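What follows is each chain in one-letter form.
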Amino acid sequence: MANILIDGYNLIGIAHDNLEKARNELIQKLLSYSKLKKHQITLVFDGWKSGQIDGTKTKTANLTVIYSRLGEKADLTIIKKLSSSNKHWIVVSSDREISDYAAKKDHTAVSSVEFEEKLYSALDNLNRNSADDYVSLSFARRGGNPKKLSRKQKKKLQALRKL
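This is a predicted model, so every value here is computed, not measured.

J.: Before we go on, may I ask you to explain the pattern of salt bridges in this structure?
T.: One pass over the full model with this rule turns up four salt bridges. The partner of Glu 72 in a salt bridge is Arg 69, with the nearest N and O atoms 3.5 Å apart. Judged by relative accessible area, which is 40%, Arg 69 ranks as partly exposed. Measuring nitrogen to oxygen at the nearest pair gives 2.6 Å for the salt bridge that ties Lys 155 to Asp 106. Placement of the pair is Lys 155 in helix α6 (residues 151-162) and Asp 106 in the loop between α4 (96-104) and β6 (108-110), with a sequence separation of 49 residues. Each of Arg 69, Glu 72 and Lys 80 takes part in salt bridges that share partners, so that together they form one network.

J.: Looking at this structure, how should I read helix α2 (residues 19-37)?
T.: Each turn of an α-helix holds 3.6 residues, which means side chains three or four residues apart point in the same direction. With 19 residues, α2 ought to run about 27 Å at 1.5 Å a step, and its terminal C-alpha atoms sit 27 Å apart, in line with that. Those residues of α2 not exposed but buried are Ala 22, Arg 23, Leu 26, Ile 27, Leu 30, Leu 31, Tyr 33, Ser 34 and Lys 37. Close packing links the buried residues of α2 with β1 (3-7), α1 (8-12), β2 (40-45), β3 (56-60), β4 (63-67) and α5 (112-128). Immediately downstream of α2, the backbone of Lys 38 shows phi near 65°, a positive value.

J.: Just checking my understanding: could you explain the packing of aromatic side chains for this structure?
T.: For the structure on display, the rule yields three aromatic pairs. Seen from their ring centres, Tyr 9 and Phe 45 are 4.9 Å apart, and the 55° between their planes marks the pair as tilted. You can see Tyr 9 sitting in helix α1 and its partner Phe 45 sitting in strand β2, a full 36 residues away along the chain. For Phe 45, a relative accessible area of 0% puts it in the buried group. Look at Tyr 33 and Phe 115: their rings are 5.7 Å apart centre to centre, the planes differ by 85°, and that puts the pair in the edge-to-face class. Here Phe 115 lies in helix α5 and Tyr 33 lies in helix α2, a separation of 82 residues in the sequence.

J.: Explain the sheet that holds β6 here, please?
T.: Backbone-to-backbone hydrogen bonds join strands into a sheet, with any given pair of strands oriented parallel or antiparallel. Read from one edge to the other, the open sheet built from six strands follows the order β3-β4-β2-β1-β5-β6, with strand pairing classed as mixed. Looking at which strands have only one partner, the edges of the open sheet turn out to be β3 and β6. Averaged over all neighbouring strand pairs, the angle between strand axes comes to 20°, with direction disregarded. By the bridge criterion, five bridges tie β2 to β4 in an arrangement that is parallel. Looking at the pairing, Thr 42 lines up with Thr 64 of β4. Sitting on the sheet, helix α3 (residues 74-84) is in contact with β1, β2, β4 and β5 (89-92), with an inclination near 160° to β1. Docked against the sheet, α6 engages β5 and β6, running at close to 65° with respect to β6.

J.: Explain the packing of α2 against α5 here, please?
T.: A pair of packed helices can be characterised by two numbers: the angle between their axes and the separation between those axes. Two elements in contact, α2 and α5, have axes separated by 10 Å at closest approach and are oriented at 70°. With respect to their mutual orientation, α2 and α5 come out roughly perpendicular. Residues Lys 29, Leu 30, Ser 32, Tyr 33, Leu 36 and Lys 37 of α2 form the contact with α5, whose own contacting residues are Phe 115, Lys 118, Leu 119, Tyr 120, Ala 122, Leu 123 and Leu 126. Considering only residue class, the contact of α2 with α5 consists of nine nonpolar, one polar and three charged.

The rules we used
Residues numbered from 1 in each chain as written. Predicted model: local features only at pLDDT ≥ 70, side-chain atom pairs only at ≥ 80, totals over all residues. Heavy atoms only, no water. Salt bridge = Lys/Arg side-chain N within 4 Å of Asp/Glu carboxyl O. Buried < 20%, exposed > 50% of the residue type's maximum accessible area, 1.4 Å probe, protein only. Helix = DSSP H or I, 4+ residues; strand = E, 2+ residues; numbered from the N terminus. Expected span 1.5 Å × (residues − 1). Contact = heavy atoms within 4.5 Å. Phe/Tyr/Trp six-rings, centres within 6.5 Å; stacked < 30°, edge-to-face > 60°. Pairing = 2+ DSSP bridges. Axes fitted to C-alpha atoms, helices over the stretch in contact; angles between N-to-C directions. Parallel < 35°, antiparallel > 145°, perpendicular 65-115°, else oblique. Nonpolar A, V, L, I, M, F, W, Y, C, P; charged D, E, K, R; others polar.

Quick look at the structure:
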């Protein structure tokens with residue numbers, strides 16, 4: 001079981017005809033994924049333009065959905081959560097600031113694309129009733145021993161295997 005913290009709009013993007021429908025579809029997929037994998041998932045959406053004064057938080061099974069409060073971006077909500085938590089989080093965001101902050105606080109950052117691949121793979125496997133959980137990654141190397149992964153790469157690989 002892993003604790004996954006997701007930047008919602010970073011995962012679905014904002015170029016949708018019906019943003020509410022896209023959010024609801026993502027929530028349904030994450031509910032299925034959390035039931036399948038037994039992960040605790042926290043999904044954070046921006047509420048800074050059209051949110052409520054205090055923000056909102058709803059929990060269904062293993063999925064918590066947070067809308068940041070009016071005037072606050074999801075990034076700030078995620079940073080606060082990472083700062084105040086004793087849990088180890090796998091943070092899903094392609095935002096460099098969030099990823100760097102997560103690594104600085106000893107959490108694991110995974111890009112939205114990497115997580116999306118795992119999400120759809122798991123849901124496809126669920127639909128096909130197969131259980132292939134193999135992880136295949138290629139990392140860009142930057143010096144050091146070419147036969148060894150860096151600590152950051154090892155941590156990321158462990159996190160991706162959990163997903």
